[in-house]
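# Coordinate analysis (summary)
In case you want the letters, here they are:
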Amino acid sequence: MERLGVDAVSDDAMDSFLEKFQSQPYRGGFHEDQWEEEFEKIPLFMKKAPSEIDPKENPDLACLQSIIFDDERSAEEQAKTYKDEGNDYFKEKDYKKAVISYTEGLKKKCADPDLNVVLYTNRAAAQYYLGNFRSALHDVMTARKLKPCHLKAIVRGALCHLELKNFAEAVSWCDEGLQIDAKEKKLVATRAKADKLKRTEQRDIRKAKLKEKKEQNQNETLIQAVKARNIRLISEAAGEDEDSASEGLGELFLDGLISENPYGATMSLDDQGRLSWPVLFLYPEYGQSDFISAFHEDSRFIDHLMVMFGEMPSWDLEQKYCPDNLECHEED
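This report concerns the structure included in the present document. Keep in mind the model is a prediction, meaning the values are calculated, not measured.

### Details of the sheet that holds strand β1 (residues 268-269)
Paired through backbone hydrogen bonds, the strands of a sheet run either parallel or antiparallel to each other. With antiparallel pairing, three strands are arranged side by side in an open sheet as β1-β2-β3. Either end of the sheet is taken by a strand with one partner, and the two such strands are β1 and β3 (288-296). Here two bridges tie β1 to strand β2 (residues 275-283), and the two strands are oriented antiparallel to one another. Bridge pairing links L269 to L275 in β2.

### Here's the deal with the packing of helix α4 (residues 75-91) against helix α5 (residues 95-107)
At a minimum axis separation of 8 Å, α4 and α5 run at an interaxial angle of 170 degrees. Here α4 lies roughly antiparallel to α5, going by the angle between them. In this structure, α4 uses A79, Y82, K83, E85, G86, N87, Y89 and F90 to contact α5, whose residues at the interface are Y95, K97, A98, S101, Y102, E104 and G105. Of the residues assigned to the contact of α4 with α5, the class counts are seven nonpolar, four polar and four charged.

### Describing the packing of helix α8 (residues 151-163) against helix α10 (residues 185-228)
Contact geometry of α8 with α10 gives a least axis separation of 10 Å together with a crossing angle of 25 degrees. Here α8 lies roughly parallel to α10, going by the angle between them. The way α8 lies across α10 gives a crossing that is left-handed. Facing α8, whose interface residues are L151, I154, V155, A158, L159 and L162, α10 presents K186, L187, T190, K193, A194 and L197. Of the residues in the contact of α8 with α10, the class split is nine nonpolar, one polar and two charged.

### Digging into the packing of aromatic side chains
Under the defined criterion, the tally for this structure stands at 15 aromatic pairs. On the basis of an interplanar angle of 70 degrees and a centroid distance of 5.6 Å, the ring pair of Y283 and F309 is categorised as edge-to-face. In this pair, Y283 sits in strand β2 while F309 sits in the segment after α12 (301-308), placing the two residues 26 residues apart along the sequence. A relative accessible area of 5% places F309 in the buried class. Note on F309 and Y321: the rings are 5.7 Å apart at their centroids and 35 degrees apart in plane angle, and the pair reads as tilted. Highlighted residues: F309 in the segment after α12 and Y321 in the segment after α12, separated in sequence by twelve residues.

### So, the pattern of salt bridges
A complete count under the given rule lists 16 salt bridges for this structure. A salt bridge links K80 to D84; the nearest nitrogen and oxygen atoms lie 3.2 Å apart. Linking K80 with D84, this pair stays in helix α4, spanning four residues, or about one helical turn. Taking relative accessible area as the criterion, K80 reaches 42% and is therefore assigned partly exposed. The partner of K97 in a salt bridge is D94, with the nearest N and O atoms 4.0 Å apart. A network of salt bridges, in which partner residues are shared, links R229, R274, E297 and D298.

### Re the nonpolar core
Residues L137, V140, W173 and L187 are the most contacted members of the largest nonpolar core, which totals 18 residues. At the level of secondary structure, the elements contributing two or more residues to this core comprise α6 (113-129), α7 (133-146), α8 and α9 (167-180). Of the residues forming this core, the biggest block, six residues, is contributed by α8. Once residues lying within four places of it in the same chain are set aside, the contact partners of W173 are L137, V140, M141, R144, A153, I154, G157, A158 and H161. Within the second largest apolar cluster, ten residues are counted, among which are A98, V99, Y102 and L119.

### A closer look at the side chain of S101
Topologically, S101 is positioned in helix α5. Residue classification places S101 among the buried residues on the basis of a relative accessible area of 3%. Those residues in contact with S101 that lie beyond four places of it in its chain are Y82, E85, G86 and Y89.

### Topic: unusual backbone geometry
Of note in the backbone geometry, K165 takes a positive phi value of approximately 65 degrees without being a glycine. For K165, the location among the structural elements is in the loop between α8 and α9. Phi at Q319 takes a positive value of approximately 55 degrees, unusual for a residue other than glycine. One can find Q319 in the segment after α12.

Definitions and cut-offs
Residues numbered from 1 in each chain as written. Predicted model: local features only at pLDDT ≥ 70, side-chain atom pairs only at ≥ 80, totals over all residues. Heavy atoms only, no water. Pairing = 2+ DSSP bridges. Helix = DSSP H or I, 4+ residues; strand = E, 2+ residues; numbered from the N terminus. Axes fitted to C-alpha atoms, helices over the stretch in contact; angles between N-to-C directions. Parallel < 35°, antiparallel > 145°, perpendicular 65-115°, else oblique. Contact = heavy atoms within 4.5 Å. Nonpolar A, V, L, I, M, F, W, Y, C, P; charged D, E, K, R; others polar. Left-handed = near helix turned anticlockwise from the far one by under 90°. Phe/Tyr/Trp six-rings, centres within 6.5 Å; stacked < 30°, edge-to-face > 60°. Buried < 20%, exposed > 50% of the residue type's maximum accessible area, 1.4 Å probe, protein only. Salt bridge = Lys/Arg side-chain N within 4 Å of Asp/Glu carboxyl O. Core = buried A, V, L, I, M, F, W, Y, C linked by side-chain atoms within 4.5 Å.

Set out below in structure tokens:
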């Protein structure tokens, strides 16, 4: 009987509550044409949190934020909150905000070394995806000072070294990590890739050195051939004696031809030890020119002129440029 009395009171209260709505319509509901916008203002149903929280526009969200980031909480609790926030941003691939959150967590300087290791390592991951490989490497190195055998830090450090083309260091980090877990797939794959790239790099360095040495020997042979013919290479450099100028200018002369000539032509020496020179012909009165990239020292000017003017050029309207009528003047 007592139970029936309680139920009766509850029913009366509900009836009274419903009658109140009939006489006094509820004024706090959503408007039919704006319900989606108003729904978005409720923290639980927000699809995306605003970058800046204004207490006037979002009082509920501001209240929650003040509770989460309450300065009266311990440094460890606050750091963990920032870590969780950073993880959420990371999952959303918002790596810039993830870096900011992890950084705020580290600023709390909590006494938990494991938490700090996670903050450094996670921030390194976010920096890595932003392409900030040196910053990421710095973070994992700091994490390893706190916990040398932290596998995630080692994996991310190896990946950073790989991206920075520090292939030997990447292999070394992988080896350290594989001593902890020999089956770690990322380390196995990264080591194989880094080792292959390291060998390729070493091969390219050897080839470049051999090429440089070969070119140096060729240049020295070429300069000696020029000197053997008593050809003097003239330079505008002042304050040098003749002997040093003659030797030093040989190289300058060769380099100058390679860099200044639009065709990349330079002196060359054939297998029989004979020289070929790049020669430029200028015809000032018509503003025309011809260029011979390899004028062999055993050939004559008339041989080239016969080829160049075997047929009358279109610009020689007066038909003056016949091989037998031409005179050549050399200019330094």
